[in-house]
Structures are given as structure tokens and as C-alpha cells.
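Inside the fold
Below, each chain spelled out in residue letters.
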There are 2 protein chains.
Amino acid sequence: MKTIADIAKLAGVAKSTVSRYLNGGSVSLQTKKKIEQIIQEQNYIPNTFAQSLKAKKTNMIGAIVPRLDSYATSQTLTGMDKELRVQNYHLLISNTNQEQQREIEAIYDFARQKVSGIILLAAEVTEAHLTALKKVDIPVILVGQKHSQLHSLIHDDFKAGYIMGKHILESGHQQIAYLGVTEKDEAVGIKRKQGFQKAIAEHHCEIQYYETSFKIKDAIEVASNIFDASLPSIAVCATDNIALGVMKAAHARGIRIPEQLSITGFGGYDTSEIVHPALTTVHYAYLQAGELSAQQIIQLVEDQSVNMCSTLDVTLIDRESVDKR
Amino acid sequence: MKTIADIAKLAGVAKSTVSRYLNGGSVSLQTKKKIEQIIQEQNYIPNTFAQSLKAKKTNMIGAIVPRLDSYATSQTLTGMDKELRVQNYHLLISNTNQEQQREIEAIYDFARQKVSGIILLAAEVTEAHLTALKKVDIPVILVGQKHSQLHSLIHDDFKAGYIMGKHILESGHQQIAYLGVTEKDEAVGIKRKQGFQKAIAEHHCEIQYYETSFKIKDAIEVASNIFDASLPSIAVCATDNIALGVMKAAHARGIRIPEQLSITGFGGYDTSEIVHPALTTVHYAYLQAGELSAQQIIQLVEDQSVNMCSTLDVTLIDRESVDKR
DNA sequence: CTGAAAGCGCTTACAG
DNA sequence: CTGAAAGCGCTTACAG
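Residues numbered from 1 in each chain as written. Chains lettered and ligands numbered in written order. Predicted model: local features only at pLDDT ≥ 70, side-chain atom pairs only at ≥ 80, totals over all residues. Heavy atoms only, no water.

**Examining the pattern of salt bridges**
For the coordinates displayed, the defined rule picks out 22 salt bridges over all chains. In this structure, Asp81 of chain B engages Arg102 of chain A in a salt bridge whose closest nitrogen and oxygen atoms are separated by 3.8 Å. Taken together, the residues Asp81 of chain B in helix α5 (residues 71-86) and Arg102 of chain A in helix α6 (residues 100-112) connect one chain to another. For the pair shown, Asp81 of chain B and Arg102 of chain A are each scored as buried. Its salt-bridge partner being Arg102 of chain B, residue Glu99 of chain B comes within 4.0 Å of it at the nearest N-O pair. Owing to a relative accessible area of 37%, Glu99 of chain B belongs among the partly exposed residues under this scheme. (Salt bridge = Lys/Arg side-chain N within 4 Å of Asp/Glu carboxyl O. Helix = DSSP H or I, 4+ residues; strand = E, 2+ residues; numbered from the N terminus. Buried < 20%, exposed > 50% of the residue type's maximum accessible area, 1.4 Å probe, protein only.)

Dropping the structure here:
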């Protein structure tokens, strides 16, 4: 590997001159050409470590995600990556495989790697998170959840639940099965449900609540159990994946959708459009969340101020899986 | 930020002693305790740059991927991440958004970041790739395609096509529509098709070839055009996503699957199991590909030898979307 | 516009 | 077991 010293020697100038050339400092046209040529010939690539060691900062942003293989995550990452790229930052991704302990480790790891900022996608923020974040003293944007002590970027889960509630009411549904998730996940487990509850509050519907996980397989099982007991007119599912599981379970029993059973989701995943019948759901702006979180973390890194909490709007996608009653 | 010098001073020892402690060198129990305590108190985190600058190597592996939001990619990345993690390496991901030029840039970027190895997921390897790889002189594993000059890790696309061909023949299908992709993609565009062709070679089937992209939307359109002309007994699709598009198009016209039209895919994506009817397809070991590529790149980095080409096995997943004729 | 020198935070022989 | 010193490849005042 060539170093700046090699280039300097070959070009017949001092290291500092080469450095100045590299960093856009003032260099005469003649030496500029010379250095340029030598760098080309030698395939010289500056050593980022040495640069960062001196400059005391890096252009790396670390993202901590619970998994790589989910629509929400991959869309959000794609958005982050896109924005970071244009701003000349690099994305470092740490996958925690849904293990909370690894989120904490990832924070320390990122500190070691000297990332300039951290974007955290976590379902739950604990004391351990806060402590770690405090210790490493790196700017953070929390995405998908709100926390009073952290800059947060969230989707409007309450509204999502609310507009979905209004929609199914307008469609005349009265026997509702609501398949939710753990309340440890405040956004999905609580806010979404609360919005929904508010919408249906004034009406007297029969509503049953069930808890399942984010996994399709679990949703299939929960749905099967529900069907064993009786058939609601609609299954309102806290995520598109849960809705997909319910659909699968319904198909397996020959239950016709939406004639016998209507189904709705939340998220607006690609797949929700592809299945038959296409799923009525609420669109979440994951891509935009990625972009915005990237912008915000850069602002934080560069000592600009950022709102403590930003909320992204959601919209209903009315498709085929809900029948009028 | 604390440095090793701060710790040394506070512990009343030399920097080298602290360094030795950090790197597991010989240090007396007493000083060990002392240093340990100070490090705790001070939240000291060693500067990776300074370390790497001296040690001349990093524990980072760079992955270049065409996109983040595909099943194949996210599974492969998950596998890589998992394996890298246990071996104490870190994963740097560069998303090229399907733009070939960005693959080249990513190679140079990674060189600047001093990654120890590169895992490349590319549909096509050009001269520019080879040149860049040669210039930066970093070990590489190519995943998903085979190239004579690069260590490659591939799925057995030929066999995949072959077993699928055999399977549909056994099911009695004679009017086949094959929806493939560009031949620039050797694995998917050529090998998969060739395997399929070999299987049906001895039989006299009617077969029509169509070309589409990897996008579901495009597949929907191509399928609609096919249906306008006539209905084959089966649509053999080069990827699960294409199959999903064909399914969507069929549903839209009320074509019953598999009674009127059978459909098959390749890949074994999650979604293929969820749709109704569940898709008959070929399972690709993406997770394993990720793990193996990670192992291999580490071997290369550590100067161990690796096979020039490894092939991962594929298996048929016989589900509901193919009817006996 | 250019160069010599100091220093970023570590690690690594080399002595002791 | 421990410490002083040199050096990794850069950047950044400071002179000139």
C-alpha cells in the first residue's frame, strides 16, 4: 500500500502539499497536475484511519436494527442509505436479531468504531439503552418509538389505528377480532390499538382482543384458534404480516375473504398488494422515515438543532379485503 | 474522550502496560485490577482508528448488494452477519441500488475504509469490476454468480431448473410459458433456463419464452399480455416474485389457480408460502450462502485457501400451485 | 504556494 | 512484569 509519503517523494513535493491537494487546499496548478498523475499511476488511496485519527471525526453513521429481513426495516435502511450517500456519509448496519442485549452491545461497538451518530430502531428503550447512550456520548435518533429523553422519529400510530377504526365502522362491521402485539412495543402494541379504540368507542361493537407476535406463523395459529370458536366479521391485525397469517389460516379452512371474513393490516408492505384479495391496510412511510432520520442524525452530528419528536403521516389504503356489511 | 495516556496516568503505569492489558499481554494481577478499575470509571473505549493504523488491519468485511429490500439479499446478509459476528468481524453494507456504476464506487469506498475483505453480490461482473478489484487488492468472494477469476459461491441454478422441469413434466404439463430474465444475469437468465430446457428436451412440449424483469409489476404486465393471446397450462417463472406477479394477473382475470393455470417460481421466498395457493418453487439456501461466504472471506483474509467455486444445493418445494394434468 | 515539524491514539519490539 | 521510544499515515498550524 502506497502512503502519502510515497506520493510526495515521487512528485518531488512535501507530504503536506499532497495532503493539501487531497483536501482542496491551495496548490499551484503545476504541482496539482503532477500529484494527480502520480496518484493515478500508483493507485493511491488515502488511509481513512489515519485521516480520522487526526481529524477526530468520521463520516460513518451506525444503524441498529432488530432484523434485516423485514419490509419495514429494509425500506427504512434503503431510505437512510440513500440520504446518507448524497450527504457523503457511510452507513454501518448492526443487526441485533431481535435480542435486546445485542442492541446495547451494538451501541458500544459503534462507539469503538467511532461512528458520528447512531440511528436506533428498537421496539423498547430500557435504562440499559439510556446508560449506554449516555456513556458513549454519541448523537442518536430513535426511529419508530418515542422517548422523552431521545430525539424521536415516529409514524402516527394513533392516527393509523383511528382511521382504520373509522373505515371498518363505515363498512358496517360489528363483530371485530383485534389481533395485537405486546404492549412492550408502545407504538404498535399501544398507540395503534388506542387509536383504533377511540374510533370505535362511541359505537357498540363486539370486540375481542388477541395477542400474537410479529411472526406470520404465530398469527396463523392464533387465527386458527379464533376460527375454532367462532367467525368474527372482520379481523383487524396490528401488522400486515399478521393479516397475511390470518389470510393464510382462512384460506386453509375455505373461509372466503372478504365475503365471510374481512381482514385488515397496518404497514403497506409490498406483499399486501400482491396477495389475493389485496389487503386493505394503512400506509407507513418507511422510506421517508429512513431519509428523514438520516437527515436528522447528520444535523445532530453537525451541531444543528432537531425537533425532539417528528411524526410521519399515515394514510389508508382501501383495497379488496374488506366487505361492506 | 479519554485516551490510553489518560488511563495510564491515572493508573500510575505506562501506556504500553495499558495496551498490553487491553491486548491480553502479560500484566501482574495487581496492575491488571488497577487498570481495569480506572477503565471502568472513565468509560474508556479504545480508538479503533489508532489501533488499526498500527495493526494494519481491520475486522471489517464489506458487502456490496444491489438492494436491501429483497428476500434473497436480506437473507444472505442475515447469514453473513451471523457468521461474521461469531468470528468477531463487522459487516459494512453498501447498497448500490441496482446501479452497476455504484458497485465499482463501492469497491473503492471499501478500500478507503480499509475493509479486510469484500463480499460481492452482483448480477454481472464486468472488466471495470475486475480492474477495481485488482487495484484495491482486497480478497473477494462473489456470491450468486460464477467467475473464472474470482472466488465464487453459487446456488445450483442448473439443477434448480432441471428439477423444476422434471417436476412439471411429471405433472403432465405440455403447454408451457417460461418467464425468464435477461441473459446478462448468467445464473438466473441462463443457467436456470438451461437446466429447465435439459429436463424437457426429450419431450415434445409447446414452450414459449418471455422475458421480464425482477419486478413484480413488470411480471404482472407480461402475464396480462400472455393471457390476452392464450392460456398456457403452466407458467414457469424464473423467480418467485415473477410468479407472484403472474398470480396477481391471473387472479385479476378470475383465472383459477391451479385448475386453469399452474404456476411455479424459484427461490423459496417467505411470501411464496403465504399466498394462496401456496407456490411450488425451488428452495435456495440464501441464509447458508451468507454464512458460507462469510466463512470463506475470513479464510481468504487470514491467508487460508478456499475453493475457487462452491455450489449450494437446491431442493424442490412441492406445494399447491401445480395441478396434475 | 510550499515545507518542516508536531501530534492524533495506539502498538510493538527492545531493554531492563 | 514493566517502561521509554519509535512509528503507523495522515493533518494542521506555523514559517517562509
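Moving on from the coordinates now.
**Some remarks on helix α11 (residues 240-252) of chain A**
All names here are of chain A. Under the 1.5 Å per step criterion, the end-to-end length of α11 is 18 Å for 13 residues, consistent within 8% with the ideal 18 Å. Of all 13 residues that make up α11, 11 are buried, and the element is covered over most of its length. Asp240, Ile242, Ala243, Leu244, Gly245, Val246, Met247, Lys248, Ala249, Ala250 and His251 are the residues of α11 that are buried. The N-capping residue of α11, defined by a side-chain oxygen 3.3 Å from the backbone nitrogen of Asn241, is Thr239. With its phi angle positive at about 75 degrees, Gly254 sits one or two positions after the end of α11. (Expected span 1.5 Å × (residues − 1). Polar contact = N/O pair within 3.5 Å; in protein donor to acceptor, adjacent residues only side chain to side chain.)

**Focus: the sheet that holds strand β7 (residues 206-211) of chain B**
Residue and element names in this part refer to chain B. Strand order in the open sheet made by the 4 strands is β7-β6-β8-β9, with parallel pairing throughout. The strands lining the two open edges of the sheet, one partner per strand, are β7 and β9 (262-264). This sheet shows a mean twist of 15 degrees between the axes of neighbouring strands, independent of strand direction. Note that strand β8 (residues 234-237) and β9 share 3 bridges and pair parallel. If you follow Ile234 over to β9, its bridge partner there is Ser262. Helix α8 (residues 157-170) rests against β6 (175-180), β8 and β9 of the sheet, and its axis sits at about 170 degrees to β8. (Pairing = 2+ DSSP bridges. Axes fitted to C-alpha atoms, helices over the stretch in contact; angles between N-to-C directions. Contact = heavy atoms within 4.5 Å.)

**Some words on the protein's contact with DNA strand C**
Near DNA strand C lie 25 residues; those nearest to it are Arg20, Ser26 and Lys56 of chain A together with Ile4 and Ser19 of chain B. Those atoms of DNA strand C that come within 4 Å of the protein belong to sugar or phosphate at a rate of 61%. The side chain of Arg20 of chain A places a nitrogen or oxygen atom 2.7 Å from a base nitrogen of DNA strand C. Ile4 of chain B places a polar main-chain atom, nitrogen or oxygen, 2.6 Å from a phosphate oxygen of DNA strand C. (Near = heavy atom within 4 Å.)

**Thoughts on the sheet that holds strand β8 (residues 234-237) of chain A**
Residue and element names in this part refer to chain A. Sheet architecture is open: 4 strands sit in the order β7-β6-β8-β9, paired in parallel fashion. In the strand order of this sheet, the two ends are held by β7 (206-211) and β9 (262-264), each with one partner. On average, each strand axis in the sheet is tilted by 15 degrees relative to the strand beside it, whichever way the strands run. Examined bridge by bridge, strand β6 (residues 175-180) and β8 share 4 bridges and lie parallel to one another.

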